[in-house]
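Fold and contact review
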Amino acid sequence: MTNYQEVIKEARDVIGKYCKACPVCNGRACSNQIPGPGAKGSGDSAIRNFEKWQEIRVNMDTICSNEKVDTSVKLFGRTFRMPVFAGPVGAVNLHYGEKYDDLSYNRTLLKACADNGIAAFTGDGTNDQVVISAAKAIGEMKGAGVPTIKPWSREVVAGKMELVKQSGAFAVAMDIDAAGLPFLKNCEAPAGSKTVEELKEIIAGVEIPFIVKGVITVKGARKAKEAGAAAIVVSNHGGRVLDQCPSTAEVLPEIVEALKGSGMTILVDGGIRSGVDVFKALAMGADGVIIARPFVTAVYGGGEEGVKLYIDKLYGELEDTMAMCGAHSIAEITGDMIRRK
């Protein structure tokens, strides 16, 4: 295979009955279909996530020095090729077909990401084996990954955090909005909302950077800061937890403004599909981005090679956009390099 479009083509035959392995993952073909990559309710939130990034334009400016572009960045104490992370996905054989189970999927994704200069988040699920497999795969990669734990009861979270500790992961996340996932309702180990005090208690027991994923308002961002989180992910869970949410592109600027000077790392996900989209998010003040569904297609369609091709695609697009907008490093990307409505 020579490009990501070939990877997508290969994925269509093996990715299961829900995902359509679309040329561009924009939320329309799968709409409100869960299991699978779809969204809750009408599917509006997932579609809106993608479309709002496309409404933002980039401002070309090549009257500048002709220097080599450096896309590297330091986050969570590690240096990465670019500020992009693969997103957490759990129960892959339920949502995306039987070619992979959680252990083989995570092994493939984590290794390919690490080999190509970025890192991956891993998922959690109703089956304990999901996070056990994730922790095992991260441990095999000497901690090069970010396990994501759902907001279970205190006892269940404590047990899963012990697995995180054993994995040697460089950071850990909790997708706090997972309380709205349909298949988590009425679980024997209940998942639900957490107060600031409950989050404080969880974070106090963690010795690595704690990331609160699923923040979509300024109010929520300030609560995460109060709880002691090192970072947040501006995210509506890809539209999978609540219909009619604003897109992450719409709320990112106000959250960035509210946290200015706080020292918190701000990541964003939801509908980001290209290196140009990555550039837009960085210009709006994000420190990095998370991309999930296209990486699933990459793994199913081409294994480690498929992931490499997608990472190289993102890198090339980001590097080219930076050069054409006059930014030679990530720090030089500024808000005036994009045009918003």
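As a starting point, this report considers the structure included with it. (Residues numbered from 1 in each chain as written. Predicted model: local features only at pLDDT ≥ 70, side-chain atom pairs only at ≥ 80, totals over all residues. Heavy atoms only, no water.)

**So, the overall build of the chain**
- When its secondary structure is counted, the chain shows 11 helices and 12 strands.
- Relative to the globule expectation of 20 Å for 341 residues, the C-alpha radius of gyration of the chain, 19 Å, shows essentially globular dimensions.
- A principal-axis box enclosing the C-alpha atoms of the chain has dimensions of 60 × 45 × 40 Å.
- Taking all contacts inside the chain whose residues are at least 6 apart in sequence as the whole, residues at least 24 apart take part in 71%.
- With an accessible surface of roughly 14200 Å², the chain has 50% of that area assigned to carbon and sulfur atoms.
- A distance of 3 Å separates the average location of the 40 positive side-chain charges in the chain from that of its 41 negative side-chain charges. (Helix = DSSP H or I, 4+ residues; strand = E, 2+ residues; numbered from the N terminus. Rg over C-alpha atoms; globule rule 2.2 N^0.38 Å. Contact = heavy atoms within 4.5 Å. Areas by Shrake-Rupley, 256 points an atom, 1.4 Å probe, with all protein chains shown as cover. Lys, Arg positive; Asp, Glu negative; His and termini not counted. Charge placed at Lys NZ, Arg CZ, Asp CG, Glu CD.)

**Section: the sheet that holds strand S8 (residues 210-215)**
- In spatial order, the strands read S4-S5-S6-S7-S8-S9-S10-S11; together these eight strands close into a barrel with parallel pairing. Geometrically, the sheet is characterised by an average inter-axis angle of 30 degrees between neighbouring strands, direction not taken into account.
- Relative to strand S11 (residues 288-291), strand S4 (residues 84-86) runs parallel, the two sharing three bridges. Looking across to S11, one finds that Val84 is bridged to Val289.
- On top of the sheet, helix H11 (residues 293-325) reaches S4 and S11; it is set at about 150 degrees to S11, its chief contact. (Pairing = 2+ DSSP bridges. Axes fitted to C-alpha atoms, helices over the stretch in contact; angles between N-to-C directions.)

**Focus: the nonpolar core**
- Within the largest apolar cluster, 92 residues are counted, with the highest numbers of intra-cluster contacts made by Phe210, Ile232 and Phe295.
- It is H11 that contributes the most residues to this core, 14 residues altogether.
- Setting aside residues no more than four positions away along its own chain, Ile232 makes contact with Ile211, Val212, Val215, Ala221, Ala224, Ile255, Leu259, Met264, Thr265, Ile266 and Leu267.
- If you look at the next biggest cluster of nonpolar residues, it comprises 16 residues, including Phe76, Val233, Leu267 and Ile290. (Core = buried A, V, L, I, M, F, W, Y, C linked by side-chain atoms within 4.5 Å. Buried < 20%, exposed > 50% of the residue type's maximum accessible area, 1.4 Å probe, protein only.)

**Here's the deal with the pattern of salt bridges**
- Within the structure shown, the criterion is met by 17 salt bridges.
- Close ionic contact of Lys200 with Glu197 constitutes a salt bridge, the shortest N to O distance being 3.5 Å. One end of the pair, Lys200, and the other, Glu197, are both in helix H7 (residues 196-204), three residues apart, so they sit about a helical turn from each other.
- A residue is classified by how much of its surface remains accessible, and Lys200, at 29% relative accessible area, is partly exposed.
- Residue class for Glu197 comes out exposed when judged on its relative accessible area of 53%.
- Here Lys313 and Glu317 are joined by a salt bridge, their closest N and O atoms 3.0 Å apart. Taken together, the positions of Lys313 and Glu317, both in helix H11 and four residues apart, correspond to about one turn of that helix. (Salt bridge = Lys/Arg side-chain N within 4 Å of Asp/Glu carboxyl O.)

**Let's talk about the state of the cysteines**
- For the structure on display, the rule yields zero disulfides.
- Cysteine Cys25 is unpaired, with the sulfur of Cys30 as its nearest cysteine sulfur at 6.1 Å.
- On the basis of relative accessibility, which here comes to 22%, the residue Cys25 falls in the partly exposed class. (Disulfide = S-S within 2.5 Å.)

**Notes on unusual backbone geometry**
- Here the bond from Ile34 into Pro35 is cis, since omega is 10 degrees, no more than 30 degrees from zero.
- Relative to the helices and strands, Pro35 is located in the loop between helix H1 (4-11) and helix H2 (44-54).
- Residue Ala91 is not a glycine yet carries a positive backbone phi of 55 degrees.
- Inspection of the secondary structure assignment puts Ala91 in the loop between S4 and helix H3 (92-96).
- Phi angles above zero are rare outside glycine, and Lys142 is one such case at about 55 degrees.

**A short note on the side chain of Thr321**
- Inspection of the secondary structure puts Thr321 in helix H11.
- Ignoring anything within four residues of it in the chain, the contact list for Thr321 reads Val58, Val276 and Phe279.

**Here we look at the packing of helix H10 (residues 275-283) against H11**
- For the pair H10 and H11, interaxial distance at closest approach is 7 Å and the crossing angle is 55 degrees. When the axes of H10 and H11 are compared, the pair comes out oblique. Note on packing geometry: the crossing formed by H10 with H11 is right-handed. Two secondary-structure elements touch here, H10 through Gly275, Val276, Val278 and Phe279 and H11 through Leu314, Glu317, Leu318, Thr321, Met322 and Cys325.
- Partitioned by chemical class, the residues of the contact of H10 with H11 number seven nonpolar, two polar and one charged. (Parallel < 35°, antiparallel > 145°, perpendicular 65-115°, else oblique. Left-handed = near helix turned anticlockwise from the far one by under 90°. Nonpolar A, V, L, I, M, F, W, Y, C, P; charged D, E, K, R; others polar.)

**Thoughts on the environment of Val241**
- Of note, Val241 is situated in the loop between strand S9 (231-234) and helix H9 (248-258).
- For Val241, a relative accessible area of 10% translates into the label buried.
- In the structure, Val241 is positioned 200 residues away from Gly41 in sequence and 8.8 Å away in space, judged by C-alpha atoms.

**Quick word on the packing of H2 against H9**
- Between H2 and H9, whose axes approach to 8 Å, the crossing angle comes to 65 degrees. It follows that H2 is roughly perpendicular to H9 by the angle criterion. On H9, the residues that touch Arg48, Asn49, Lys52 and Trp53 of H2 are Thr248, Ala249, Glu250 and Leu252.
- By residue class, the composition of the contact of H2 with H9 is three nonpolar, two polar and three charged.

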